[in-house]
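Summary of the model geometry
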Amino acid sequence: MNPSPTRLLIHGASGRMGQALLRLAAEQPALFTVAAAVTRRAPAQRVVEGVPHFAATEVSGVPAFDVAIDFSLPEGFDPILALCVERGQPLVSGTTGIDAVQQAALAAAATRIPLVWATNFSLGVAVLAELVERAASALPGWDVDVVESHHVHKKDAPSGTALTLGQAAGSAGAPVQYASLRAGDIVGEHTVQFAGLGERIELIHRATHRDIFARGALHVARTLVGRAPGAYRVRDLLD
Ligand code: NAD
């Protein structure tokens, strides 16, 4: 792992995730320094005092960085991927909703740079997926269900995380059933249930704060620096 502070490019810096990344990076000056913050438009004031700010149209002019972290929107994805390939630097992206063409561009870029694109950067969910895969292979013939609960504003169901966990749960061939609940301000709960005859296992992850995604992305970013090109999963980069 990189011994000196990792120089970050934060892409989508004015958003909820971008702001969490900037705040958490500033709390760990021995580990992180922010080389540039990029947003869709140039704001009237700086995103964070002392951090060089760039509008998306000026992204080609950003100073040197060790790794880019992108939590923006699909329309911002292509330029930041292109910049990372051009500079030969790693990319960590949590931007959801990218289309098949962008997925293909991501796969092509992975032959040139190390990168992680994931719909969930929680380290707990990464560990849960591993546990689920292990349970699935040890319990052939058991019924498998994924139950997820989120706040009432969440539109997609099942959640991307539920589908990822479902893939792990069904990795031994069992069909997976999904159930989605939308209630109150729940940040995110995922239960994977394995039911046999006379016994049942439930593996549960409860997210109580959105910072977990920013914390996970920062961990992944630091761990990705210096790796060989490739598409890594969050779980590949756990300590
Ligand atoms: P937000 O709307 O609060 O912020 C979006 C940010 O993207 C802003 O800074 C905006 O200026 C920037 N942006 C928009 N268009 C851009 C462009 N063309 N070029 C450059 N920057 C542009 O959104 P948010 O809640 O911070 O979420 C950002 C993304 O991260 C979304 O895709 C969301 O689904 C995803 N997300 C992923 C995870 C995960 O763990 N993978 C967790 C939370 C959110």
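Residues numbered from 1 in each chain as written. Predicted model: local features only at pLDDT ≥ 70, side-chain atom pairs only at ≥ 80, totals over all residues. Heavy atoms only, no water.

**Here's the deal with the environment of L106**
- Mapped onto the elements of the fold, L106 is located in helix α3 (residues 100-109).
- A residue is classified by how much of its surface remains accessible, and L106, at 7% relative accessible area, is buried.
- For L106, the contacting residues outside a window of four places in its chain are F77, L81, I98, L115 and W117. (Helix = DSSP H or I, 4+ residues; strand = E, 2+ residues; numbered from the N terminus. Buried < 20%, exposed > 50% of the residue type's maximum accessible area, 1.4 Å probe, protein only. Contact = heavy atoms within 4.5 Å.)

**A short note on the environment of F32**
- Along the chain, the position of F32 falls in strand β2 (residues 32-39).
- Its relative accessible area of 6% is what places F32 among the buried residues.
- Not counting chain neighbours up to four residues away, the residues in contact with F32 comprise P5, T6, L8, A25, L218 and R222.

**Things to note about the pairing of strand β8 (residues 176-182)**
- Where strand β7 (residues 143-150) and β8 come together, 7 bridges link them in parallel fashion. Bridge pairing in β8 links V146 to Y178.
- Handedness of the β7-helix α5 (residues 160-169)-β8 crossover: right-handed. (Pairing = 2+ DSSP bridges. Right-handed = clockwise from strand over helix to strand, strands pointing away.)

**What to know about the sheet that holds strand β1 (residues 6-11)**
- Spatial strand order, β3-β2-β1-β4-β5-β6-β11: 7 strands in an open sheet with parallel pairing. The sheet is open, and its two borders are formed by β3 (53-55) and β11 (230-231), each paired with just one other strand.
- Examined bridge by bridge, β1 and β2 share 6 bridges and lie parallel to one another. Paired with L9 across the two strands is A36, which belongs to β2.
- Of the strands in this sheet, β1, β2 and β4 (67-70) are in contact with helix α1 (residues 16-26), which crosses β1 at around 160°. (Axes fitted to C-alpha atoms, helices over the stretch in contact; angles between N-to-C directions.)

**Digging into the pattern of salt bridges**
- Applying the stated rule across the entire model yields 9 salt bridges.
- Of the charged contacts in the structure, one is a salt bridge between D211 and R23, with a shortest N-O distance of 2.9 Å. Residue D211 is found in helix α6 (residues 211-224), and its partner R23 is found in helix α1; the two are separated by 188 residues along the sequence.
- Its salt-bridge partner being E133, residue R235 comes within 3.3 Å of it at the nearest N-O pair. In this pair, R235 sits in the segment after β11 while E133 sits in helix α4 (residues 123-138), placing the two residues 102 residues apart along the sequence.
- On the accessibility criterion, R235 (17% relative accessible area) is buried.
- Salt bridges here are not isolated pairs; linked through shared partners, they connect R23, D211 and R215. (Salt bridge = Lys/Arg side-chain N within 4 Å of Asp/Glu carboxyl O.)

**Digging into the pairing of strand β10 (residues 200-207)**
- Bridging between strand β9 (residues 188-195) and β10 involves 8 bridges; their strand directions are antiparallel. Bridging across to β10, A195 finds its partner in R200.

**Describing the environment of F213**
- Along the chain, the position of F213 falls in helix α6.
- The partly exposed category is assigned to F213, whose relative accessible area is 21%.
- C-alpha separation for the pair F213 and G94, spaced 119 residues apart in sequence, amounts to 8.8 Å.
- Excluding anything up to four places from it in sequence, F213 contacts M17, N120, F121 and S122.

**Quick look at α4**
- With 16 residues, α4 should cover 22 Å at 1.5 Å per step; its first-to-last C-alpha distance of 23 Å lies within 8% of that length.
- If you check which residues of α4 are buried, you get V125, A126, L128, A129, V132, A135 and A136.
- The N-cap residue of α4 is S122: its side-chain oxygen and the backbone nitrogen of G124 are 3.2 Å apart. (Expected span 1.5 Å × (residues − 1). Polar contact = N/O pair within 3.5 Å; in protein donor to acceptor, adjacent residues only side chain to side chain.)

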